[in-house]
Amino acid sequence: MKDEPLVLGIETSCDETGVGIVRGHTLLADAVASSVDEHARFGGVVPEVASRAHLEAMVPTMQRALDTAGVTLADIDAIAVTAGPGLAGALLVGVAAAKGYAIAADKPLYGVNHLAAHVAVDTLEHGPLPAPAVALLVSGGHSSLLLVDDLANGVTPLGNTIDDAAGEAFDKVARLLGLPFPGGPPIDRAAREGDPASISFPRGLTGPRDLERHRFDFSFSGLKTAVARWVEARQRAGEPVPVNDVAASFQEAVCDVLAVKAVDACRTHGVDTLVIGGGVAANSRLRAVAEERAAKHGIRVRVPRPKLCTDNGAMVAALGSHLVAAGVRPSALDLPADSAMPLTVVSG
Ligand code: KG4
Ligand code: ZN
């Protein structure tokens, strides 16, 4: 529909420079330039390298998005940008660019929360989110369960990881197994050839005592250590490490805990829609396990397609579009980049 807002979103919180364009809930362009190859040999994202790569990719990625959508900056109704959380230097590049474009083209600017954007992106695929919904947000930096009423009014955190994030666990275990960075996709692939029941790895914070204090919290560092010990024991014994079986058993433990807790959160709060977002939501086994567990309780699972799960500009545009439609006031032009932006703040 022509009268829905045309919103451009800019994402630079980590290693992807993303520019997305949406009209209402319709995705028109999703241009992404990744610096992941430049970080691979370090086994993690190097902040300074990421910032420099954003600087180089910003203008061409913007042009690619505008060309794909067949619009010019003058046609855009509002510009949204990830203001946090993320790497400070990386965020600054996106926020500074967004301010420049907003001032040059005289457009309202919305500084938005990256995590809320990971939830909002699902609206591009499955339409408006029913209220309330439970969101499971699993990325390289976060693992959270949230109660979402209207994204424009903020979210209510139900639980968080108390140590490693789910994606971080994938990345660390991949490294142990000699698989490349980022570890999620290669573990996902290796696990398809392995037996998920071959090794029994721990499910963090699922014991009866944990459920009292940490019912909706996650812990993955014990699991990562258990995988490391198991692999070391094999290597000490001079035996080969069955990479596919370890990957499958590790992945099963992560997906099991995520799905059990997400379904428990839905049932506890009387919610029948679970939306999963963030890079780990691209995991094929998580999608299957969550659907299977949720279906038993009449809960519908919504997960965007894998390319929309990992960082991109379309998710920022999707949240911006929702804020514009809800009549939320734009951000001030001195909007800061906030590397520690709390989950409860949806726009700055
Ligand atoms: O959301 P995202 O792109 O960036 C952050 O905001 O952190 O998430 C990146 C994380 C990485 O840890 C990566 O290993 C993980 O998402 N990931 C996956 C898969 N694809 C990406 N984890 C498991 N399975 C996947 N297929
Ligand atoms: Zn992310």
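These numbers were taken from a predicted model, which means no experiment stands behind them.

## What about the pattern of salt bridges?
Thinking step 1. Overall, the coordinates contain 13 salt bridges when judged by the stated rule.
Thinking step 2. Between Arg-203 and Asp-256 there is a salt bridge, with its nearest N and O atoms 2.9 Å apart. Here Arg-203 is found in the loop between α7 (184–192) and α8 (208–213), whereas its partner Asp-256 is found in helix α10 (residues 243–268), with 53 residues between them in sequence.
Thinking step 3. For Asp-256, a relative accessible area of 15% corresponds to the buried category.
Thinking step 4. For Glu-252, the salt bridge goes to Arg-285, with nearest N and O atoms at 2.8 Å. In this pair, Glu-252 sits in helix α10 while Arg-285 sits in helix α11 (residues 284–295), placing the two residues 33 residues apart along the sequence.

## As for the coordination of the zinc ion (ligand 2)
Thinking step 1. The coordination sphere of the zinc ion (ligand 2) contains the protein donors His-114 (NE2), His-118 (NE2) and Asp-311 (OD), at a distance range of 2.0 to 2.1 Å.
Thinking step 2. Taken in chain order, the donor set of the zinc ion (ligand 2) reads H-x3-H-x192-D. A residue pair is termed long-range when its members are at least 10 positions apart, and His-114 in helix α4 (residues 114–120) and Asp-311 in the loop between α12 (306–309) and α13 (313–325) qualify at 197 residues. For the pair His-114 and Asp-311, a shared accessibility class is recorded, and that class is buried.

## Regarding the pairing of strand β8 (residues 155–160)
Thinking step 1. In the sheet, strand β7 (residues 143–148) pairs with β8 via five bridges, with the strands oriented antiparallel. Directly across from Leu-147, in β8, lies its bridge partner Thr-156.
Thinking step 2. Taking the residues between adjacent antiparallel strands as the criterion, β7 and β8 are bridged by six residues, where Gly-154 takes a positive phi near 100 degrees.

## Regarding the domain arrangement of the chain
Thinking step 1. Parsing the chain into structural domains produces domain 1 (6–121 + 312–325) and domain 2 (130–306).
Thinking step 2. Inter-centroid distance (C-alpha atoms) of domain 1 to domain 2 is 27 Å.
Thinking step 3. Contacts between the two partners involve 18 residues from domain 1 and, on the opposite side, 16 residues from domain 2.
Thinking step 4. At the boundary of domain 1 with domain 2, total buried surface from both sides reaches about 1,200 Å², with 77% on carbon and sulfur atoms.
Thinking step 5. The largest per-residue losses of area from domain 1 upon contact with domain 2 belong to Leu-115, His-118 and Val-119, which jointly make up 40% of the total buried on that side.
Thinking step 6. Our enumeration of links across domain 1 and domain 2 arrives at zero salt bridges.
Thinking step 7. Run the count over domain 1 and domain 2 and you get one residue pair in polar contact (both at pLDDT 80 or more).
Thinking step 8. Among the elements of the structure, α1 (36–40), α4 and α13 are those that each provide at least two residues to the side of domain 1 that touches domain 2.
Thinking step 9. The element that contributes the greatest number of residues to the side of domain 1 that touches domain 2 is α4, accounting for five residues.
Thinking step 10. Among the residues forming the side of domain 1 that touches domain 2, the class breakdown is 13 nonpolar, five polar and no charged.

## Details of the sheet that holds strand β5 (residues 109–113)
Thinking step 1. Here five strands make up an open sheet; going across it, the order is β3-β2-β1-β4-β5 and the pairing mixed. With one partner strand each, in any of the chains shown, β3 (26–34) and β5 form the two edges of the open sheet. In this sheet, adjacent strand axes meet at a mean angle of 20 degrees when their direction is disregarded.
Thinking step 2. As judged from the six bridges shared by strand β1 (residues 6–11) and strand β2 (residues 16–23), these two strands associate in the antiparallel manner.

## Looking at the packing of aromatic side chains
Thinking step 1. Counted according to the given criterion, the structure contains two aromatic pairs.
Thinking step 2. Relative to Phe-220, the ring of Phe-218 lies with its centre 6.0 Å away and its plane at 10 degrees, an arrangement referred to as stacked. Both residues of the pair, Phe-218 and Phe-220, belong to the buried class.

## Notes on the side chain of Asn-113
Thinking step 1. In this structure, Asn-113 sits in strand β5.
Thinking step 2. Look past the residues within four positions of Asn-113 in its chain and what remains in contact with it is Gly-84, Pro-85, Leu-319, Met-341, Pro-342, Leu-343, Val-345 and Val-346.

## A look at the packing of helix α6 (residues 166–176) against helix α9 (residues 221–236)
Thinking step 1. Orientation of α6 relative to α9, taken along the N-to-C sense of each, is 5 degrees, at an axis distance of 10 Å. The orientation of α6 relative to α9 falls into the category roughly parallel. The segment α6 lies against α9, with Lys-172, Val-173 and Leu-176 engaging Lys-224, Val-227, Ala-228 and Val-231.
Thinking step 2. Partitioned by chemical class, the residues of the contact of α6 with α9 number five nonpolar, no polar and two charged.

Scoring rules and cut-offs
- Throughout this document, residue positions are counted from 1 along each chain, in the order its sequence is written.
- A letter from A marks each chain and a number from 1 marks each ligand, given out in the order of writing.
- Restriction of local features to residues with pLDDT of at least 70 applies here, the model being predicted, together with a cutoff of 80 or more for giving and counting side-chain atom pairs; totals for whole chains, interfaces and linings are based on all residues.
- Excluding hydrogens and water, the side-chain values take into account all heavy atoms of the structure.
- Any carboxyl oxygen of Asp or Glu that lies within 4 Å of a side-chain nitrogen of Lys or Arg is treated as forming a salt bridge with it.
- Strands here are runs of E lasting at least two residues and helices are runs of H or I lasting at least four, both read from the DSSP assignment and numbered beginning at the N terminus.
- Type-normalised accessible area, obtained with a 1.4 Å probe on protein chains alone, sets the label of each residue: buried when under 20%, exposed when over 50%, and partly exposed for intermediate values.
- As a rule, N, O and S atoms within 2.8 Å of a metal are its donors, except that Na, K and Ca use 3.2 Å; water is not among the atoms, so sites may look incomplete.
- DSSP-based pairing: two strands are paired if at least 2 bridges between them are found.
- Those domain boundaries reflect an automatic or database domain assignment.
- Between two residues, a contact is recorded if the distance between any of their heavy atoms is within 4.5 Å.
- Accessible area that two parts lose when put together, with a 1.4 Å probe and added across both, is what the buried area reports.
- Pairing of N or O atoms within 3.5 Å defines a polar contact, subject to two protein rules: one partner must be a possible hydrogen donor and the other a possible acceptor, and residues neighboring in sequence count only if both atoms are side-chain atoms.
- Residue type decides the class: Asp, Glu, Lys and Arg count as charged, Ala, Val, Leu, Ile, Met, Phe, Trp, Tyr, Cys and Pro as nonpolar, and the leftover types, Gly among them, as polar.
- Axes, fitted as lines to C-alpha atoms, cover a helix only where it is in contact. Angles between the N-to-C directions of the axes lie from 0 to 180 degrees.
- Any two rings among Phe, Tyr and Trp, with Trp reduced to its six-membered ring, count as a pair given centres within 6.5 Å; such a pair is stacked if its planes are under 30 degrees apart, edge-to-face if over 60, and tilted if neither.
- Our angle categories are set so that under 35 degrees counts as roughly parallel, over 145 as roughly antiparallel, 65 to 115 as roughly perpendicular, and the remainder as oblique.

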